[in-house]
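Overview (structure and organization)
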Amino acid sequence: MKITTKVQYAVRALFDLAYHGGGGPAQIKEISKRQKISPRYLEQIFHQLKKADLLETKRGPRGGYSLKKPAGEITPSQMIETLEGPLELVPCLKPGSTKECSVEESCVAKLVWQELQDKMESHFNALNLEELCRRARDMGIKREIRHRYMYYI
């Protein structure tokens, strides 16, 4: 199993919003620069995350993307499901699977895959963006202070 680039980038980008955003909106170009992710690809990812109610947008000169929920309520599991669908290690574990398996009744391997899938789901559900921010602080990652300029006429 391999976590897709799209999911890896989503986790990094939403972490960036939680850590550097300070609750306010951030522009794609800021996140893209900090996380070294293509702005176009980030826009595609954010579009899907917005449809899943994980992000919201604000238009205008002080606009951008921000988290729609508190950081403690957004998990990697939600990102994976939004971008790639439910976690499924093998086809026979898919809920409602109609695929016939000739050895399903005596398949010991299925028990192994089910146990592994359950542990992965549990781990991805236990983590959240707030925890990732705490870990970043523990690692000594500096928060970037945003300077938004206000123009007066």
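One numbering rule holds for all chains: residues counted from 1, following each sequence as written. Only residues with pLDDT of 70 or above have their local features reported here, since the model is predicted, and side-chain atom pairs are shown and tallied only from 80 upward, although totals for entire chains, interfaces and linings are computed over all residues. Here the side-chain values reflect all heavy atoms present in the structure, with hydrogen atoms and water set aside.

Quick look at the layout of surface pockets
The rule is simple: put a 1 Å grid over the protein atoms alone, call a set of points where a 1.4 Å probe fits but cannot get out a cavity, call an open set with protein on both sides within 12 Å along at least five of seven lines a pocket, and count a residue as lining if it has an atom within 4 Å of a point. Grid points are joined across faces, edges and corners, and a volume is the space filled by probe spheres set on the points. What the largest pocket holds in volume is close to 160 Å³. Every residue lining the largest pocket is listed: M1, K2, I3, T4, V7, I80, E84, G85, P86, L87 and E88. Lys, Arg, Asp and Glu make up the charged group, whereas Ala, Val, Leu, Ile, Met, Phe, Trp, Tyr, Cys and Pro make up the nonpolar group; the residues left over, Gly among them, are polar. Counted by class, the lining of the largest pocket contains 6 nonpolar, 2 polar and 3 charged residues.

Side note on the packing of aromatic side chains
Here a pair means two rings of Phe, Tyr or Trp (six-membered ring of Trp) with centres within 6.5 Å. Their orientation is stacked below 30 degrees between planes, edge-to-face above 60, and tilted elsewhere. For the structure shown, the criterion picks out 3 aromatic pairs. Each ring, one from Y9 and one from Y41, has its centre 5.7 Å from the other, and the planes form 75°; the classification is edge-to-face. One end of the pair, Y9, is in helix 1 (residues 5-20); the other, Y41, is in helix 3 (residues 39-51), and 32 residues separate them in sequence. Charges are assigned to positions over rings by a cutoff of 6 Å between ring centre and Lys NZ or Arg CZ, combined with an angular limit of 35 degrees from the ring normal. Here R143 stacks its cationic end above the ring of Y19, 5.5 Å away from the centre of that ring. Numbering of helices and strands runs from the N terminus; a helix is a DSSP stretch of H or I covering at least four residues, while a strand is a stretch of E covering at least two.

Let's talk about the packing of helix 2 (residues 28-35) against helix 3
In the contact formed by helix 2 and helix 3, the axes pass within 9 Å of each other and the chain directions differ by 115°. Both helix 2 and helix 3 take part in a crossing whose hand is right-handed. Residues I28, I31 and S32 of helix 2 lie in contact with helix 3, whose contacting residues are P39, L42, E43 and F46. Helix axes are fitted only over the stretch in contact, all axes being lines through C-alpha atoms; the angle between N-to-C directions runs from 0 to 180 degrees. It is the rotation of the near helix from the far one that decides the hand of a crossing: anticlockwise by less than a right angle makes it left-handed, clockwise makes it right-handed. Any two residues having at least one pair of non-hydrogen atoms within 4.5 Å are treated as being in contact.

A word on the confidence of the model for the protein chain
As a per-residue measure, pLDDT reflects the predictor's confidence and takes values from 0 up to 100. Per-residue pLDDT for the protein chain has a mean of 89; in total, 90% of the residues score no lower than 70. For the protein chain, per-element mean pLDDT is lowest for helix 5 (residues 108-126), which scores 93, and highest for helix 3, which scores 97.

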